[in-house]
Amino acid sequence: MAKVNPYQVEGKVDYDRLVQEFGITKLTPADLKRIEKLGGELHPYLKRGIFFAHRDLKWCLDEYEKGNKFFLYTGCGPSGPIHLGHLGIWRFTKWLQDTFDTEVWFQFTDDEKFLFKDLSYEEIQKWTHENMLDVIALGFDPRKTHFLIDTKHAGIMYPEAIKVAKKITFSTIKAAFGFTDSNNIGSIFYTSMQTVPVFLPNVLRGEKRPCLVPLAVDQDPHFRISRDVVEKLGHHKPAVLHSVFMPPLVGMEGKMSSSDADKAILTTDDAATVKKKINKYAFSGGQATVEEHRKKGGNPEIDIAYQWLRYFEFDDKKLKKIHDDYKSGKLLSGELKAILIEKVNEFLAEHQKKREKARKEVEKYIFKQK
Ligand code: TYM
């Protein structure tokens, strides 16, 4: 069976099984209708089941309708370059910000990555800065977006983190993350830090707004643990929206990850690298020969070029035509890859320009207590 937790995603993930195991709830057509009604439109990632499950969404939207608007909370563990999988979560978060006109609290867990990765504190700081550029490049509203960097904002976060930590036992952490007695003691404490932004904005402002957390499902175990804890501390449990993993280039198992740069597209890859990686590594659902492909057609369900296009081609009609043409054998694997390469390079050219501009904007986003 596949393993899914914040520190390990392996094997072919069975999402239905995960829903059961994690105790999360699948999004229904009625949920989607409600989001569309309240927001005025539906993001393609919702229509396409990329965001597929939730915790307490109904409550969060009920509060919204009563005028108690949620804030969004998500984050990044800065230990390497950003890949397209991360971006999917954050592009969707930006859509939520625009659509519901909400604040975003964005946590950079430099403490976490220092504790879990074999990297120096200085290297982690470099990645924190680099990763912030990618987030800013996505166009989050600087007036409504607040970056929290765990070691830099320790003064406001630590007093809250210890309140959380006091209510979580080592055995709970061991069971959730598969830790053993040889894990370092910082890693055992870390979940408390990831919990703090769930309620910190309310503590700072004396409010009681709901918190909505968009994430990929690997991060859910932190919140599964902390939801009960924050309630005991007098705060609302956070609502969560879960995404599936964007698969690595080599096939549908596991998740795209920066640790294996050949299996991922990084936001800093140039056009030639993107083309080379996709042509060389993208797993094909096509047939062995052109003749056979024309006769039997390809399988878009396992074809990475098609699966990735679901993240980049927002025009439903175009995507359907690509799907149908590939399935019928009219569209060849190489042609499908060429469509993806063009789409990704078009997106990255824009992103990279904005990423450079972002170098001057970082300060605007870092949270400052008034
Ligand atoms: P990190 O840096 O590992 O990942 C950042 C976000 O990207 C998601 N993600 C993916 N989504 C789709 N496909 C993939 N292949 C893929 N790989 C990663 C992650 O689920 C995450 O949402 N501890 C966290 C940082 C964090 C956080 C949060 C994340 C702090 N607070 C609140 C979500 C919500 C981390 O190391 O994420």
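What counts, and where the lines are drawn
Residues numbered from 1 in each chain as written. Predicted model: local features only at pLDDT ≥ 70, side-chain atom pairs only at ≥ 80, totals over all residues. Heavy atoms only, no water. Helix = DSSP H or I, 4+ residues; strand = E, 2+ residues; numbered from the N terminus. Rg over C-alpha atoms; globule rule 2.2 N^0.38 Å. Buried < 20%, exposed > 50% of the residue type's maximum accessible area, 1.4 Å probe, protein only. Contact = heavy atoms within 4.5 Å. Lys, Arg positive; Asp, Glu negative; His and termini not counted. Charge placed at Lys NZ, Arg CZ, Asp CG, Glu CD. Polar contact = N/O pair within 3.5 Å; in protein donor to acceptor, adjacent residues only side chain to side chain. Axes fitted to C-alpha atoms, helices over the stretch in contact; angles between N-to-C directions. Parallel < 35°, antiparallel > 145°, perpendicular 65-115°, else oblique. Nonpolar A, V, L, I, M, F, W, Y, C, P; charged D, E, K, R; others polar. Expected span 1.5 Å × (residues − 1). Domains from an automatic or database assignment. Buried area = accessible area lost by both parts, 1.4 Å probe. Salt bridge = Lys/Arg side-chain N within 4 Å of Asp/Glu carboxyl O. Pairing = 2+ DSSP bridges. Disulfide = S-S within 2.5 Å.

How would you sum up the overall build of the chain? Please name residues and give values.
The helix and strand inventory of the chain stands at 18 helices and nine strands. Taken over C-alpha atoms, the radius of gyration comes to 21 Å for the chain, in line with the 21 Å a tight globule of 370 residues would show. Projected onto the principal axes, the alpha-carbon positions of the chain cover approximately 65 × 45 × 45 Å. Out of the 370 residues belonging to the chain, those deemed buried represent 55%. Of the contacts formed within the chain by residues at least 6 apart in sequence, a portion of 78% connects residues at least 24 apart. Computed over 59 positive and 52 negative side-chain charges, the inter-centroid distance for the chain is 2 Å.

Provide a residue-level description of the environment of K26, including the pertinent values.
As for its placement among the helices and strands, K26 is situated in strand β3 (residues 25–26). Assessed through its relative accessible area of 41%, K26 is described here as partly exposed. Along the chain, K26 and G39 lie 13 residues apart, while their C-alpha atoms are 20 Å from each other. Once residues within four sequence positions are removed from consideration, K26 is found in contact with D16, V19, D31, F52, A53 and H54. Polar side-chain contacts of K26 include one of 2.7 Å to the side chain of D16.

Got a sec to walk through the packing of helix α2 (residues 29–39) against helix α5 (residues 84–100)? Specific residues and values, please.
Where α2 meets α5, the axes come as close as 9 Å, and the angle between the chain directions of the two elements is 50°. With respect to their mutual orientation, α2 and α5 come out oblique. Where α2 abuts α5, its residues I35, L38 and G39 lie against W95, T99 and F100. Residue composition of the contact of α2 with α5, by class: four nonpolar, two polar and no charged.

I'd like to hear about α5, residue by residue, with values.
Over its 17 residues, α5 extends 24 Å from the first C-alpha to the last, a length consistent with the 24 Å expected when each residue adds 1.5 Å. The buried fraction of α5 is high, at 15 of 17 residues. Two residues or fewer after α5 comes D101, characterised by a positive phi angle close to 50°.

Explain the domain arrangement of the chain residue by residue, including any values.
Assigned domains of the chain: these are domain 1 (3–250) and domain 2 (258–356). Each partner contributes to the roughly 2700 Å² buried at the junction of domain 1 and domain 2, and carbon and sulfur atoms together form 62% of this total. Considering only the surface of domain 1 that becomes buried against domain 2, R48, L84 and L249 emerge as the three largest contributors, covering 31% of it. On inspection of domain 1 and its partner domain 2, the count reaches four salt bridges. For R355, the salt bridge identified is with D134, shortest N-O distance 3.0 Å. Put simply, domain 1 and domain 2 have 16 residue pairs in polar contact (both at pLDDT 80 or more) between them. The set of elements that each furnish at least two residues to the side of domain 1 that touches domain 2 consists of α3 (44–47), α5 and α7 (121–137). Taken together, the residues that form the side of domain 1 that touches domain 2 break down as 17 nonpolar, three polar and five charged.

Tell me what's going on with the sheet that holds strand β7 (residues 145–149), and back it up with residues and numbers.
One open sheet accounts for seven strands, arranged β3-β4-β9-β8-β5-β6-β7; its pairing is mixed. With partners counted over all chains shown, the strands left at the sheet margins are β3 and β7, one partner each. The pairing of strand β5 (residues 71–76) with strand β6 (residues 104–108) spans five bridges and is classified as parallel. Opposite G75, over in β6, you have Q107 as the bridge partner. Running over the sheet, α5 touches β4 (51–55), β5, β6, β7, β8 (211–216) and β9 (239–243) and is turned about 160° from β5.

Please provide a residue-by-residue account of the state of the cysteines, values included.
Applying the stated criterion to the full structure yields zero disulfides. Its sulfur unpaired, C211 is 8.2 Å from the next cysteine sulfur, which belongs to C60. The exposure class of C211 is buried, given its relative accessible area of 2%.

Tell me about the pattern of salt bridges, residues and numbers included.
In this structure the tally under the stated criterion is 37 salt bridges. Note that K163 and E160 form a salt bridge whose closest N and O atoms lie 3.4 Å from each other. Taken together, the positions of K163 and E160, both in helix α8 (residues 154–165) and three residues apart, correspond to about one turn of that helix. Overall, K163 belongs to the partly exposed group, its relative accessible area being 42%.

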